[in-house]
Amino acid sequence: MTDLRIATWNVNSLRIRIDNLERLIAARAPDVLCLQETKVEDRLFPAAEITALGYPHQLIYGQKGYHGVAICARAPFANGTQRNWSGKSDSRHVHARLLGGIELHNFYVPAGGDEPDPEVNEKFAHKLGFLAELTDWFAALPKRRKMILLGDLNVAPLETDVWSHKQLLKVVSHTPIEVEALAALAASRGWVDAVRHFIPKTERLYSWWSYRARDWAAANRGRRLDHIWVTPNLVGSLVGAEVLREARGWPRPSDHVPVLVDFRL
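Summary of the structure given here. (Residues numbered from 1 in each chain as written. Predicted model: local features only at pLDDT ≥ 70, side-chain atom pairs only at ≥ 80, totals over all residues. Heavy atoms only, no water.)

### Looking at the environment of Leu-168
So, point 1. Tracing the backbone shows Leu-168 in helix α4 (residues 165-168).
So, point 2. The exposure class of Leu-168 is buried, given its relative accessible area of 4%.
So, point 3. Placed 137 residues apart in sequence, Leu-168 and Asp-31 show a C-alpha to C-alpha distance of 35 Å.
So, point 4. Apart from residues no more than four positions distant in its own chain, Leu-168 is found in contact with Val-162, Trp-163, His-174, Thr-175 and Arg-223. (Helix = DSSP H or I, 4+ residues; strand = E, 2+ residues; numbered from the N terminus. Buried < 20%, exposed > 50% of the residue type's maximum accessible area, 1.4 Å probe, protein only. Contact = heavy atoms within 4.5 Å.)

Laid out in structure tokens, this is it:
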């Protein structure tokens, strides 16, 4: 048996948060780090610093100032690939094959802008189209594959994934059309929400708190935008999950916090 801990984190500018990445590693020692919103082009990615932290195996896909995803691992992985969606080269997906043949897909789904109407908001249309493409693509893959899908999916699907279901129904990230689109993606392979596998759906759970709040902890107006899903053939390997809320209070924090899932393979 092999223990595996995977962390996903929208780090919101990797070079600014490198000290907090080191803090996460010291606190939880994940075997694989999946990052989103690295906001750094590949030639400036802090590869040497992350190697020195114990993650010499890196798959990066970045651009200057926006988006960007990365997989950083202690152990080698294979078939590392960058992939584009919706006709855009905007650095939102990398995937690789971990030891044991598990496919790991790291996504940064478009945020969608402010207006939840695809007719008037191109960013929202892009988000819905992106999710629809993912749904069709995953549905067409062979069913025997063992896969993990994770990242900042930019949708809080459950009523308990937001601070106020009623007040956020017309706010991008929790609108019915987005929740429906994410549900279609989940159904494409019978994906299992690995975090909610351990933390009941009745319990409020957030992974993002706005910078606008004067006191984010006191206001606690959060949303759960960051997810780790597994295919049904991996559910028996799950042993634990955590949303590292304390990271929102670290110096110079990201507005997202790390989400971690443990496997025994």
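That shown, we press on.
### Brief notes about the layout of surface pockets
So, point 1. Looking at the largest pocket, its volume works out to about 1,200 Å³.
So, point 2. Lining the largest pocket are 42 residues, with Ala-111, Gly-113, Asp-114, Asn-154 and Trp-208 positioned closest to its centre.
So, point 3. If you list the elements that add at least two residues to the lining of the largest pocket, you get α3 (122-139) and β10 (208-209).
So, point 4. The biggest single contributor to the lining of the largest pocket is α3, with four residues.
So, point 5. The residue inventory of the lining of the largest pocket, partitioned by class, reads 15 nonpolar, twelve polar and 15 charged. (1 Å grid on protein atoms, 1.4 Å probe; cavity = no way out; pocket = protein on both sides within 12 Å on 5 of 7 lines; lining within 4 Å. Points joined across faces, edges and corners; volume = space filled by probe spheres on them. Nonpolar A, V, L, I, M, F, W, Y, C, P; charged D, E, K, R; others polar.)

### Some words on the packing of aromatic side chains
So, point 1. Applying the stated criterion across every chain, the model contains eleven aromatic pairs.
So, point 2. Seen from their ring centres, Trp-85 and Trp-137 are 5.3 Å apart, and the 80° between their planes marks the pair as edge-to-face. Taken as a pair, Trp-85 in the loop between β5 (78-82) and β6 (93-97) and Trp-137 in helix α3 lie far apart in primary sequence, 52 residues in all.
So, point 3. The class for Trp-85 is buried, based on a relative accessible area of 4%. (Phe/Tyr/Trp six-rings, centres within 6.5 Å; stacked < 30°, edge-to-face > 60°.)

### Some words on the pairing of β6
So, point 1. Across the five residues of β6, four count as buried, placing the element largely inside the fold.
So, point 2. Pairing between β5 and β6: three bridges, direction antiparallel. Each residue of the ladder has a partner; that of Ala-78, found in β6, is Arg-97.
So, point 3. Across five bridges, the pairing between β6 and strand β7 (residues 103-108) is antiparallel. Bridging across to β7, Ala-96 finds its partner in Leu-104.
So, point 4. Linkage of β6 to β7, two consecutive antiparallel strands, is achieved through a turn of five residues, within which Gly-100 is found at a positive phi near 95°. (Pairing = 2+ DSSP bridges.)

### Quick notes on the sheet that holds strand β9 (residues 192-193)
As a general point, the strands of a sheet are linked pairwise by backbone hydrogen bonds and lie either parallel or antiparallel.
So, point 1. Taking strand neighbours across the sheet as the criterion, the six strands line up as β5-β6-β7-β8-β12-β9 in an open arrangement whose pairing is mixed. Where the open sheet ends on each side, the last strands, each with one partner, are β5 and β9.
So, point 2. With five bridges joining them, strand β8 (residues 147-152) and strand β12 (residues 226-230) adopt antiparallel strand pairing. Along β12, the bridge assignment pairs Leu-150 with Ile-228.

### A look at α3
So, point 1. In this model, α3 (18 residues) spans 26 Å end to end at C-alpha, consistent with the 26 Å of a helix rising 1.5 Å per residue.
So, point 2. Among the residues making up α3, those that are buried are Phe-124, His-126, Lys-127, Leu-128, Phe-130, Leu-131, Leu-134, Thr-135, Trp-137 and Phe-138.
So, point 3. Those residues of α3 that are buried lie in contact with β6, β7, β8 and α5 (176-187).
So, point 4. One side-chain oxygen at the N-terminal end of α3 lies 3.0 Å from the backbone nitrogen of Lys-123; it belongs to Asn-121. (Expected span 1.5 Å × (residues − 1). Polar contact = N/O pair within 3.5 Å; in protein donor to acceptor, adjacent residues only side chain to side chain.)

### Some words on the packing of α3 against α5
So, point 1. With their axes 8 Å apart at the nearest point, α3 and α5 run at an angle of 15° to one another. When the axes of α3 and α5 are compared, the pair comes out roughly parallel. In terms of crossing hand, the pair formed by α3 and α5 is left-handed. Two secondary-structure elements touch here, α3 through Phe-124, Lys-127, Leu-128, Leu-131, Leu-134, Thr-135 and Phe-138 and α5 through Ile-177, Glu-178, Ala-181, Leu-182, Ala-184 and Leu-185.
So, point 2. Of the residues in the contact of α3 with α5, the class split is ten nonpolar, one polar and two charged. (Axes fitted to C-alpha atoms, helices over the stretch in contact; angles between N-to-C directions. Parallel < 35°, antiparallel > 145°, perpendicular 65-115°, else oblique. Left-handed = near helix turned anticlockwise from the far one by under 90°.)

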